[in-house]
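So you can see what is in the structure, the chains are spelled out below.
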Amino acid sequence: MTRLPPLARRSKTLSASLGLGEKLFASSEERRFAEAIETGLVEVEEGLLREVAFADDMADVTSRYLLEAGGKRIRPVLTLLTAQLGEGNNAAVITAAQAVEITHLASLYHDDVMDEAEMRRGVPSAQNVWGNSVAILTGDLLFARASKLVASLGEGAIKLQADTFERLCLGQLHETIGPRGDDDSIEHYLQVLADKTGSLIAAAAQMGVIFSNAPEQYAAPVVAFGEKIGVAFQLIDDVIDLAEPEAETGKAQGTDLRSGVATLPLLFLRRAAVSDPESAALLSRIVRTVGADETPAADDELAAAIAELRAHDVTAETLEEARRWADEAVAALDPLPEGPVKLALTKFAEAVVERST
């Protein structure tokens, strides 16, 4: 049997993780669809390695750093998926898929500086290796490369990229500032998720429709799907943040809480604490231990508080909220024709929620 090259093996793993394996597709049409995604992912991956290359030695090392660390490539997968509603993997679709992934990659460099993150994709974050300034400038270089790719796709693509980039920045700004005045903290948080995550996922799905020359009426459904599934994805991350220490989630327990991020379980807990003494006591312990010096005793106390938060009704409520967003994402697909695209997007929505288990 012919051995696949590393990029192709990686691509097959990625497509299978999103519910595109042969087990889910019985007909020859559906198998051809899965093969198209896998082939497209190989092209995208090879292009990513090429597009983030720089003649400057330092820029070349820093810009490749997080790309080579891995990643799920969810956004280019969605571009390739929705492109099957039209002509499929033409040159413009591949370019668009590369552009959205490089945009996402650039945002990670900036996010890690803002969040003072220590790790990303299983390796030390870029600013921990080279410092904040180099990490920020690397993100800027990658945004420039993504913009160059998008410019080759025409004025409409440039406007879509600019609108999306604006929302990414506004989402980060609003997260940094926090809710103001009479803002509802939960509504504020959900809007931040829609801007920081949903907007780029929605743009990825929309680009697949646009650049495959699919029927125009398919754009609105996939945009709504992308926005809603992006919020669901982040809400599931909030639940995963509270997972058992031994759980194989790829994320250290309590990473967000330890960084002072007010995730949805914590926001729900704050709301419950107004009228429930037990919730108020738990909230007090979390606030006290997060702000304490890092000692073994404080770490044990925080781990115990996280375990209690995981068992609290607010975590189950967060999971239900994520499922609601995922269900709405699937419902938005109703106008699409029945077939492998709609099936794959639905399976992807289910897989997003199942990550919590």
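If you're wondering where the values come from, they're calculated on a predicted model, not measured in any experiment.

*Asks:* Is there a simple way to explain the overall build of the protein in this structure?
*Replies:* Of the regular secondary structure elements, the protein holds 16 helices and two strands. Relative to its 357 residues, the protein shows a buried fraction of 50%. Contacts spanning at least 24 positions in sequence make up 72% of the contacts within the protein whose residues lie at least 6 apart. Of the accessible surface of the protein, which amounts to about 16800 Å², a share of 53% is contributed by carbon and sulfur atoms.

*Asks:* Explanation requested: unusual backbone geometry in the structure shown.
*Replies:* Among all residues except glycine, the phi angle is most often negative; among peptide bonds, the trans geometry is most common. We note that Arg73 has phi near 60 degrees; this positive angle belongs to a residue other than glycine. Relative to the helices and strands, Arg73 resides in the loop between α3 (57-68) and α4 (74-83).

*Asks:* Explain a nonpolar patch on the surface to me, please; I cannot follow it from the model alone.
*Replies:* Together, Leu170, Leu173 and Ile177 make up an exposed nonpolar region whose accessible area comes to about 240 Å². Exposure remark for Ile177: the relative accessible area of 46% places this residue in the partly exposed category.

*Asks:* Even after reading the chapter, I still don't get the pattern of salt bridges, so can you show me in this structure?
*Replies:* Counted according to the given criterion, the structure contains 20 salt bridges. In this structure, Glu68 and Arg64 form a salt bridge, with 3.5 Å as the shortest nitrogen-oxygen distance. Of the two residues, Glu68 and Arg64 both sit in helix α3, four residues apart, roughly one turn of that helix. Taken together, the salt bridges that share partners define one network made up of Glu45, Arg73, Glu101 and Arg121.

*Asks:* Can you help me understand the confidence of the model for the protein in this one?
*Replies:* Do not read the predicted coordinates in detail wherever pLDDT is low. Taken residue by residue, the protein gives an average pLDDT of 88. The fraction at 70 or more is 88%. When the criterion is pLDDT under 50, residues 1-14 qualifies, and its contacts beyond four places in sequence or with other chains add up to 21 contacts.

*Asks:* When you look at the nonpolar core in this model, what are you seeing that I'm missing?
*Replies:* One broad rule of soluble globular proteins: the nonpolar side chains tend to lie buried together. Formed by 95 residues in total, the largest nonpolar core has its most connected members in Phe225, Ile229 and Leu235. The greatest single-element share of this core, amounting to 13 residues, is contributed by helix α9 (residues 185-211).

*Asks:* Any chance you could explain the packing of helix α12 (residues 264-273) against helix α13 (residues 277-290) here in plain terms?
*Replies:* Helix-helix packing is characterised by the crossing angle of the two axes and by the distance between the axes. At a minimum axis distance of 8 Å, the contact between α12 and α13 shows a crossing angle of 130 degrees. By the criterion of interaxial angle, the relationship of α12 to α13 is oblique. At the point where α12 passes α13, the crossing takes the left-handed sense. Contact residues: Leu266, Leu269, Arg270, Ala272 and Ala273 in α12; Ser279, Ala280, Leu282, Leu283 and Ile286 in α13. Partitioning the contact of α12 with α13 into residue classes produces eight nonpolar, one polar and one charged.

*Asks:* Just checking my understanding: could you explain helix α16 (residues 340-354) for this structure?
*Replies:* Because an α-helix completes one turn every 3.6 residues, residues spaced three or four positions apart along the sequence face the same direction. Counted at 1.5 Å a residue, the expected span for α16 with its 15 residues is 21 Å, and the 20 Å between its end C-alpha atoms agrees. Looking at α16, one finds that the buried residues are Pro340, Val341, Lys342, Ala344, Leu345, Thr346, Phe348, Ala349, Val352 and Val353. Against α2 (28-51), α4, α10 (219-240) and α15 (313-331) lie the buried residues of α16.

*Asks:* I would appreciate a short explanation of the environment of Ile240 in the present structure.
*Replies:* In this structure, Ile240 sits in helix α10. A residue is classified by how much of its surface remains accessible, and Ile240, at 10% relative accessible area, is buried. In this structure the C-alpha to C-alpha distance between Ile240 and Arg310, which are 70 residues apart in sequence, comes to 9.5 Å.

*Asks:* Before we go on, may I ask you to explain the side chain of Gln161 in this structure?
*Replies:* Mapped onto the secondary structure, Gln161 falls in helix α8 (residues 155-177). When neighbours within four sequence positions are excluded, Gln161 is seen to be in contact with Thr103, Ala146, Val150 and Met207.

*Asks:* Could you clarify how one ought to interpret the packing of aromatic side chains in this entry?
*Replies:* To describe a pair of aromatic rings, you give the distance between the ring centres and the angle between the ring planes. Here the structure, examined in full by the defined rule, presents three aromatic pairs. A centroid spacing of 4.5 Å and a plane angle of 45 degrees characterise the contact between Phe143 and Phe165, whose relative ring orientation is tilted. With Phe143 in helix α7 (residues 132-151) and Phe165 in helix α8, this pair connects stretches of sequence that are 22 residues apart. Ring centres of Phe225 and Phe348 lie 6.5 Å apart, and the angle between their planes is 50 degrees; this geometry places the pair in the tilted category. Note that Phe225 is positioned in helix α10 and Phe348 in helix α16, a separation of 123 residues in sequence. You can call Phe348 buried: its relative accessible area is 4%. It is Arg145 that lies over the ring of Phe54; its NZ or CZ is 3.8 Å from the centre.

*Asks:* What am I meant to see in the environment of Val290 here?
*Replies:* Assignment of secondary structure puts Val290 in helix α13. We classify Val290 as partly exposed; its relative accessible area is 28%. Each C-alpha atom, one on Val290 and one on Leu302, is 7.0 Å from the other, the two residues being twelve residues apart in sequence.

What counts and what doesn't
Residues numbered from 1 in each chain as written. Predicted model: local features only at pLDDT ≥ 70, side-chain atom pairs only at ≥ 80, totals over all residues. Heavy atoms only, no water. Helix = DSSP H or I, 4+ residues; strand = E, 2+ residues; numbered from the N terminus. Buried < 20%, exposed > 50% of the residue type's maximum accessible area, 1.4 Å probe, protein only. Contact = heavy atoms within 4.5 Å. Areas by Shrake-Rupley, 256 points an atom, 1.4 Å probe, with all protein chains shown as cover. Patch = residues over 30% accessible without salt bridge, like charges linked within 9 Å, V, L, I, M, F, W, Y side chains within 5 Å. Salt bridge = Lys/Arg side-chain N within 4 Å of Asp/Glu carboxyl O. pLDDT = per-residue confidence, 0-100. Core = buried A, V, L, I, M, F, W, Y, C linked by side-chain atoms within 4.5 Å. Axes fitted to C-alpha atoms, helices over the stretch in contact; angles between N-to-C directions. Parallel < 35°, antiparallel > 145°, perpendicular 65-115°, else oblique. Left-handed = near helix turned anticlockwise from the far one by under 90°. Nonpolar A, V, L, I, M, F, W, Y, C, P; charged D, E, K, R; others polar. Expected span 1.5 Å × (residues − 1). Phe/Tyr/Trp six-rings, centres within 6.5 Å; stacked < 30°, edge-to-face > 60°. Lys NZ or Arg CZ within 6 Å of the ring centre and 35° of its normal.

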